[in-house]
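Observations on chain architecture
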Amino acid sequence: MRLTDILQPECVKVPLEAQDKKAAIDELVDLLARCANLQQPEQLKQAVWQRELARTTGIGHGIAIPHGKSAGVDRLRMAIGLASKPLDFGAIDGRPVTLILLLVSPLDQTGPHIQALAKISRMLTEESFRAALKRAASSEDLYNHIARHEAEAAV
């Protein structure tokens, strides 16, 4: 699985306008709903937020991976945002978050959802890659870092 298979360039936003965790999740769901023509964005926001309330998706190193499942999602999809200022996500390391990767899927797609979370987590273990994403000057720049990283990994 390649992230660029589930992430469209227009589903990346640098910078996010959100000033808190809830607003960041809502902004990314709205972005994804627009660029992927998803139905029922409010239901999706609720699903992602309920997951967030159950346990933080702030994984450390300034990164959060909010995720959820909803009937309004046609297939596994992703949106990414870079916050203009660090946001409190209640991350496991106690540090604020700037890089937010939203992952959503249909209710019946557990396998691909788990595979994508694992792929994201593996990619983000590389400190230089994390730093490059956080330094992205534009949405295009951030998407291109991911595409290049995947192309190099395939060689």
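Check the entry above for the structure.
Model, not experiment: these values are computed from the prediction.

Quick look at the nonpolar core
Ranked by internal contacts, the top residues of the largest apolar core, which has 52 residues, are Leu32, Met78, Leu99, Leu101, Leu142 and Ile146. Beyond its immediate stretch of four places on either side in the chain, Met78 contacts Leu3, Ile6, Leu7, Cys11, Leu32, Leu101, Leu102, Leu103 and Ile120.

Description of the environment of Ile63
Assignment of secondary structure puts Ile63 in strand 3 (residues 63-64). Each C-alpha atom of the pair Ile63 and Arg130 lies 8.7 Å from the other, and the pair is 67 residues apart in sequence. Each residue touching Ile63, except ones within four places of it in the same chain, is listed here: Thr57, Gly58, Val97, Leu99, Leu101, Leu124, Arg130 and Lys134.

Observations regarding the pattern of salt bridges
For the structure on display, the rule yields 9 salt bridges. A salt bridge links Asp5 to Arg2; its shortest N-O distance comes to 3.8 Å. Salt-bridge contacts for Glu52 lead to Lys21; the nearest nitrogen and oxygen are separated by 3.5 Å. Linking Glu52 in helix 3 (residues 41-54) with Lys21 in helix 2 (residues 21-36), this pair joins segments that are 31 residues apart in sequence.

Things to note about the packing of aromatic side chains
By the definition in use, this model includes 0 aromatic pairs. The ring of Trp49 carries Lys22 above its face, with NZ or CZ at 5.5 Å from the centroid.

Focus on helix 2
Along an α-helix, a turn takes 3.6 residues, which lines up residues three or four apart on a common side. Given a rise of 1.5 Å per residue, 16 residues ought to cover 22 Å, and the 22 Å separating the end C-alpha atoms of helix 2 matches this to within 8%. A large share of helix 2 lies buried, amounting to 12 of its 16 residues. Among all positions of helix 2, only Lys21, Ala24, Ile25, Asp26, Glu27, Leu28, Val29, Leu31, Leu32, Ala33, Cys35 and Ala36 are buried. On its buried face, helix 2 is in contact with strand 1 (7-16), helix 3, strand 5 (77-87) and strand 6 (97-105). Among the residues of helix 2, the N-terminal cap falls to Asp20, whose side-chain oxygen and the backbone nitrogen of Lys22 are separated by 3.2 Å. Following helix 2 by one or two positions, Asn37 has its phi on the positive side, about 50°.

Brief notes about unusual backbone geometry
The step from Val14 to Pro15 runs through a cis peptide bond, and the omega angle for that step is -5°. Checked against the element boundaries, Pro15 lands in strand 1. A positive phi angle, close to 50°, is found at Asn37, a residue other than glycine. Along the polypeptide, Asn37 turns up in the loop between helix 2 and helix 3. By relative accessible area, which is 59% here, Asn37 ends up exposed. One non-glycine residue, Gln40, adopts positive backbone phi at about 60°. Among the secondary structure elements, Gln40 is positioned in the loop between helix 2 and helix 3.

Cut-offs applied
Residues numbered from 1 in each chain as written. Predicted model: local features only at pLDDT ≥ 70, side-chain atom pairs only at ≥ 80, totals over all residues. Heavy atoms only, no water. Core = buried A, V, L, I, M, F, W, Y, C linked by side-chain atoms within 4.5 Å. Buried < 20%, exposed > 50% of the residue type's maximum accessible area, 1.4 Å probe, protein only. Contact = heavy atoms within 4.5 Å. Helix = DSSP H or I, 4+ residues; strand = E, 2+ residues; numbered from the N terminus. Salt bridge = Lys/Arg side-chain N within 4 Å of Asp/Glu carboxyl O. Phe/Tyr/Trp six-rings, centres within 6.5 Å; stacked < 30°, edge-to-face > 60°. Lys NZ or Arg CZ within 6 Å of the ring centre and 35° of its normal. Expected span 1.5 Å × (residues − 1). Polar contact = N/O pair within 3.5 Å; in protein donor to acceptor, adjacent residues only side chain to side chain.

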